[in-house]
Amino acid sequence: MLPGTEDKKHLILTGDRPTGPLHLGHFVGSLRNRVKFQNQYEQYIMLADAQALTDNMENPAKVHDNVMEVALDYLAVGIDPAKSTILIQSQIPELTELTFYYLNLVTVARLERNPTIKQEITLRNFERDIPAGFLTYPVSQAADISAFKASLVPVGEDQIPMIEQTNEIVRRFNRLANKEILVECQALVPEIGRLPGVDGKAKMSKSLGNVINLGFTPAEIKAAVRNVYTDPLHLRVADPGHLEGNVAFIYLDAFDEDKAGLQEMKDHYVRGGLGDSIVKARLEGILQDLLKPIRERREEFAKDRGQVLQILKEGTRKAREIAAQTTDEVRAAIGLKHF
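Residues numbered from 1 in each chain as written. Predicted model: local features only at pLDDT ≥ 70, side-chain atom pairs only at ≥ 80, totals over all residues. Heavy atoms only, no water.

**Some words on the overall build of the chain**
Applicable threshold: Secondary structure elements are taken from DSSP: a helix is a run of H or I of four residues or more, a strand is a run of E of two residues or more, and numbering for both begins at the N terminus. The atom set for the radius of gyration is the C-alpha atoms, and the globule formula is 2.2 Å times the number of residues raised to the power 0.38. Three exposure classes are used, based on accessible area relative to the maximum for each residue type with a 1.4 Å probe and protein chains only: buried under 20%, partly exposed in between, and exposed over 50%. Accessible surface area values rest on a Shrake-Rupley calculation with a 1.4 Å probe, where residue burial reflects the displayed protein chains alone. A positive count includes Lys and Arg, and a negative count includes Asp and Glu. His and the chain ends are not counted in either. Note on charges: their place is set at NZ of Lys, CZ of Arg, CG of Asp or CD of Glu.
Within the chain, the secondary structure is distributed over 14 helices and five strands. By the compact-globule yardstick of 20 Å for 339 residues, the chain fits well, its C-alpha radius of gyration being 22 Å. Overall, the C-alpha framework of the chain stretches about 80 × 45 × 45 Å when taken along its three principal axes. Here the chain, with 339 residues, has 51% of them falling under the buried criterion. Accessible surface, the chain as shown: approximately 16800 Å² in total, 53% of it carbon and sulfur. The average position of the 42 basic charges and that of the 47 acidic charges among the side chains of the chain differ by 2 Å.

Below you can see the structure in the form of structure tokens.
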């Protein structure tokens, strides 16, 4: 349940690391909610390019090039720069300054205990060769959130430990300052937190190559749906099928608005007599209809990248004013305002 429907008093901070095009997992987990939230709350959407360098420092061009690509995806899905402020993290140096101060409020041991960080370290096979910037990612995120005094932060369940650590830092700083300067935040967890990849083996992820990108062509969508994981035990049409772990039905649950018709299909599949090709045909039709207008709007915005850059420049200017004000308060509270 979202607190304060149509309550502009709440401020949302959300965003993405620009390391590749956005996909259906992003759409379900965050993008379509952002379109809704921009009519209910004050919303800031961050292109976290500096944060993306924590594990992409050897290829900064990948991050730089994808700032524009992700911005195009934002606009294509319906994020309105008149309602949502889109900003570039690296262009707001106050965020780095706050991170530097907050690092003194958290221990290395606490960072290493963060469940999200532990999981990401395992996924990236860092072992003990962990970039310091990556290990301190929760502190950087705390700086981002607190700089804008965001009270709501949309995240998946796996990111809740990051919000908890942000609030720990906020509380510790406020105790140090002996007044409430920074604001604690609340996690907003979507009903569908993530989608599995088309291979069914993990979450949909750019790095795993198991995605359906928002900008896919009709042919690419068709090919991806053809490879969607279903039920390995459903060898013949007459065989009873299983829904658990069946990616085709997971996607249908996320995107098919005809819930009654979908339930009939599920019942037929479970009792047998329905082939995977019929299920995938339904899924492909829904995804083609969903992604066509997004792809077309993206192509229109891409014709004038200068305009998109101006949107980013103006959003970043507005965001920096807010971050600078918070940073000024933080400096004063810790005795670093000398003149």
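**A few points about the side chain of Thr 54**
For the record, the criterion: Within 3.5 Å is the distance limit for a polar contact, defined as a pair of N or O atoms, with the added protein rule that one can donate a hydrogen and the other accept it, and that residues adjacent in sequence qualify only through two side-chain atoms. Between two residues, a contact is recorded if the distance between any of their heavy atoms is within 4.5 Å.
Within the secondary structure layout, Thr 54 lies in the loop between helix H2 (49-52) and helix H3 (60-77). A polar side-chain atom of Thr 54 sits 2.7 Å from the main-chain carbonyl oxygen of Gln 51. Ignoring any residue separated from it by four or fewer positions in sequence, one finds Thr 54 in contact with Arg 17, Pro 131, Gly 133 and Phe 134.

**With respect to the nonpolar core**
Heads up, the rule is: For the purposes of this section, nonpolar cores are sets of buried Ala, Val, Leu, Ile, Met, Phe, Trp, Tyr and Cys residues that join through side-chain atoms within 4.5 Å.
The biggest cluster of nonpolar side chains holds 50 residues, and the ones touching the most others in it are Leu 24, Leu 47, Tyr 74, Ile 212, Leu 214, Tyr 251 and Phe 255. Tallying contributions element by element places H3 first for this core, with nine residues. In this structure, Leu 47 is in contact with Asp 16, Pro 18, Val 67, Val 70, Ala 71, Tyr 74, Ile 86, Leu 87, Ile 88, Gln 89 and Leu 312, ignoring residues within four places of it in sequence. Formed by 42 residues, the second largest nonpolar core is a distinct cluster that contains Leu 13, Tyr 44, Val 139 and Leu 182.

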